[in-house]
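Take a look at the letters that make up each chain.
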Amino acid sequence: MNTLQITDMQNYSTLLTLFDQYHDFALSTHINPDGDAIGSELGLYHFLTELGKSVKIFNTDAVPESYRFLPCWDNIEDVHSISTYRPEVLIVLDASTLARIGKRLSKALLPTHELVNIDHHATAEAFGDVNLIMPSASSTSEIIYKLIKCHQGPIGKACALCLYTGIMFDTGCFRHSNTTVETHRIAAELIEIGEFAPDEVYRNVYEQLPVAKIRLSGEVLRTLQVTDDGKIASVYATQGMLRKTGTTPDAVEGIVNQIQAIAGVEVALCASEMTARSTKISLRSQGHVDVSQLAAEFEGGGHARAAGCRIAMPYPAAVRTLVQTAQRYIDQSSSEHGDCQKD
Ligand SMILES: [Mn+2]
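Thresholds, definitions, all that
Residues numbered from 1 in each chain as written. Predicted model: local features only at pLDDT ≥ 70, side-chain atom pairs only at ≥ 80, totals over all residues. Helix = DSSP H or I, 4+ residues; strand = E, 2+ residues; numbered from the N terminus. Buried ≥ 20, exposed ≤ 12 C-beta atoms within 10 Å, placed from the backbone. Axes fitted to C-alpha atoms, helices over the stretch in contact; angles between N-to-C directions. Parallel < 35°, antiparallel > 145°, perpendicular 65-115°, else oblique. Left-handed = near helix turned anticlockwise from the far one by under 90°. Contact = placed C-beta atoms within 7 Å. Nonpolar A, V, L, I, M, F, W, Y, C, P; charged D, E, K, R; others polar. Domains from an automatic or database assignment. Expected span 1.5 Å × (residues − 1). Arc of directions from axis to C-beta. Pairing = 2+ DSSP bridges.

Trainee: Would you mind going over unusual backbone geometry in detail, with residue names and values included?
Mentor: Of note in the backbone geometry, D94 takes a positive phi value of approximately 65 degrees without being a glycine. One can find D94 in the loop between strand 4 (89-93) and helix 3 (103-108). According to the C-beta neighbour criterion, D94 is buried, with 31 such atoms within 10 Å. The residue E195 is not glycine, and still its phi comes out positive at about 50 degrees. Relative to the assigned elements, E195 resides in the loop between helix 6 (181-194) and helix 7 (198-206). Judged by local crowding, E195 falls into the exposed class, with 9 C-beta atoms found within 10 Å.

Shown next as C-alpha cells:
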C-alpha cells in the first residue's frame, strides 16, 4: 500500500491555488544552508520552472561545496542581485523564523502578494500569510514532495534528485528517529524517478571532505568531556583550532554526531567559539530529553533530537551552563520515565 498521509489539507490546497494563480516566485532558506534547505529549494525550483513559472532563489550564504552537484545550484543568487526586484510570492523554506533567512535578505526580499512559510521545525513561527508547518515530516523536502503529489506532479528527474538529497540529509541517511516507512517509500520513488545512484549522492554529500576538516575533528575530539553518569558528552572548538587547521566555523558541523554515538550518552553538545563573548552550541539527544526545549531556553531552536543556540558567553562558561542545564533535563526525564525503562 502506498498511501500519502496528508495532515494539513487546507494549507496544501491554499498553496496549490497560489501555484496556479501567480507567475513570479522567489524562494529562500535559512543562513548556513544545509542539505534539506538547498534540496527543498531546488526541488521546488525545478517543479515551478517546469510549470512555466518564473522562479528566482536568493540565499544569504553560498551553497556549500557538497551540494554543488545538484542541478541548477548555480542559479541561486545572493542579496546583492535583488535591487528593485519584487516577486509576487516569496516562499521561505526550512527556516523557523523569517529572520533566519538573514537580516538583510528578510528586509530586501519583499513579495507584492503572498509570503509563504514551509517548514517542519517544531519551534517554527507562523510568520507567513500562508503557513505549512509539519513537525511530523522528516524534512522540508518531504513536504515539497507531498505538495507536488497533491498537485498531481509532475516530479521531474532533477527535482527528484534534489528532494532525495534533502530527505537523506535531514534523516541522517535514514537513521534518525524521523525516518518512517513513508520516508523510505518516498525515497524509493524519488530514486526510481530520478534514475540516480544513491551511493553517489551519499559520496557527494559526505565523502568529499578536505583533509583540514579531519584534522579539526581530531583537535575537537581531544576536548571530550563526559559527565560522571555518562549521559552528557561535550566537546568544544576554539578559534585557535580553526586557525591551526586552516578551517572555517562550518567545518565544526557534524562533529557533535560523533560524540552522540558514545554508548550511554543521552545528550551530546558541541560548542564553537564564535568570538571571545559568543558561543554557538549544537545539541543532539538520544534519550527522552527534547533538546529543542533546552535550546529554546537560550533563544535557540530546532528539533527534539537535534537543536542549537547561540550564547553570549565565552566558550568555557557556555559549555558549563549548557551541561548544567542538560543535567537538569536528564534528571527530570529519568524521574518521569524511570531509569530502568530506557528506549
Ligand atoms: Mn530541515
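Trainee: Can you explain the packing of helix 2 (residues 35-50) against helix 5 (residues 157-170)? Please cite residues and give values.
Mentor: Between helix 2 and helix 5, the shortest axis-to-axis distance is 7 Å and the interhelical angle comes to 160 degrees. One finds that helix 2 runs roughly antiparallel with respect to helix 5. Handedness of the crossing formed by helix 2 with helix 5: left-handed. In this structure, helix 2 uses G35, D36, G39, S40, L42, G43, H46 and F47 to contact helix 5, whose residues at the interface are A158, C159, C162, L163, T165, G166, M168, F169 and D170. Of the residues in the contact of helix 2 with helix 5, the class split is eight nonpolar, seven polar and two charged.

Trainee: Give a description of the domain arrangement of the protein chain that names residues and reports values.
Mentor: Along its sequence, the protein chain is carved into domain 1 (9-206) and domain 2 (211-337). Spacing between the C-alpha centres of domain 1 and domain 2 amounts to 28 Å. With seven residues of domain 1 in contact, the opposing surface of domain 2 contributes eight residues.

Trainee: Could you give an account of helix 5, naming the residues involved and the relevant values?
Mentor: For helix 5, with 14 residues, the first-to-last C-alpha span of 20 Å sits near the 20 Å given by 1.5 Å per residue. Where burial is concerned, most of helix 5 is hidden: 13 out of the 14 residues are buried. G172 lies just past helix 5 and shows a positive phi near 60 degrees.

Trainee: Mind laying out helix 6, listing which residues take part and the relevant values?
Mentor: Along its 14 residues, helix 6 runs 20 Å from first to last C-alpha, staying within 8% of the 20 Å computed at 1.5 Å per residue. Along helix 6, the residues that are buried comprise T183, I186, A187, L190 and G194. Looking straight down helix 6, one finds its buried side chains confined to an arc of 100 degrees; they lie on one side. Of the exposed residues in helix 6, those oriented more than 90 degrees away from the buried face are V181 and E192.

Trainee: Which residues make up the sheet that holds strand 4, and what values do they have?
Mentor: If you walk across this open sheet you meet the six strands as 3-2-1-4-5-6, and the pairing is parallel. Both edges of this open sheet fall to strand 3 (76-77) and strand 6 (130-133), since each of them pairs with a single strand only. Note: strand 1 (residues 24-29) against strand 4, five bridges, orientation parallel. Looking at the pairing, S28 lines up with V92 of strand 4. Helix-sheet contacts for helix 1 (residues 9-21) involve strand 4, strand 5 (114-119) and strand 6, and the interaxial angle to strand 6 is about 130 degrees.

Trainee: Let's hear about the sheet that holds strand 7 (residues 225-226): which residues, and what values?
Mentor: Taken in spatial order, the six strands of this open sheet run 7-8-9-10-12-11, and their pairing is mixed. Each of the sheet's edge strands pairs with one partner strand only, and the pair in question is strand 7 and strand 11 (301-302). For strand 10 (residues 278-285) and strand 12 (residues 306-311), the ladder comprises six bridges, and the chain directions are antiparallel. Paired with T279 across the bridge in strand 12 is I311.

Trainee: Pulling in residues and values, what's your account of the pairing of strand 12?
Mentor: The buried count for strand 12 comes to five of six residues, which makes it a mostly enclosed element. By the bridge criterion, two bridges tie strand 11 to strand 12 in an arrangement that is antiparallel. In the sheet register, G301 faces strand 12, and the bridge partner there is G308. Counted along the chain from strand 11 to the antiparallel partner strand 12, the turn is three residues long.

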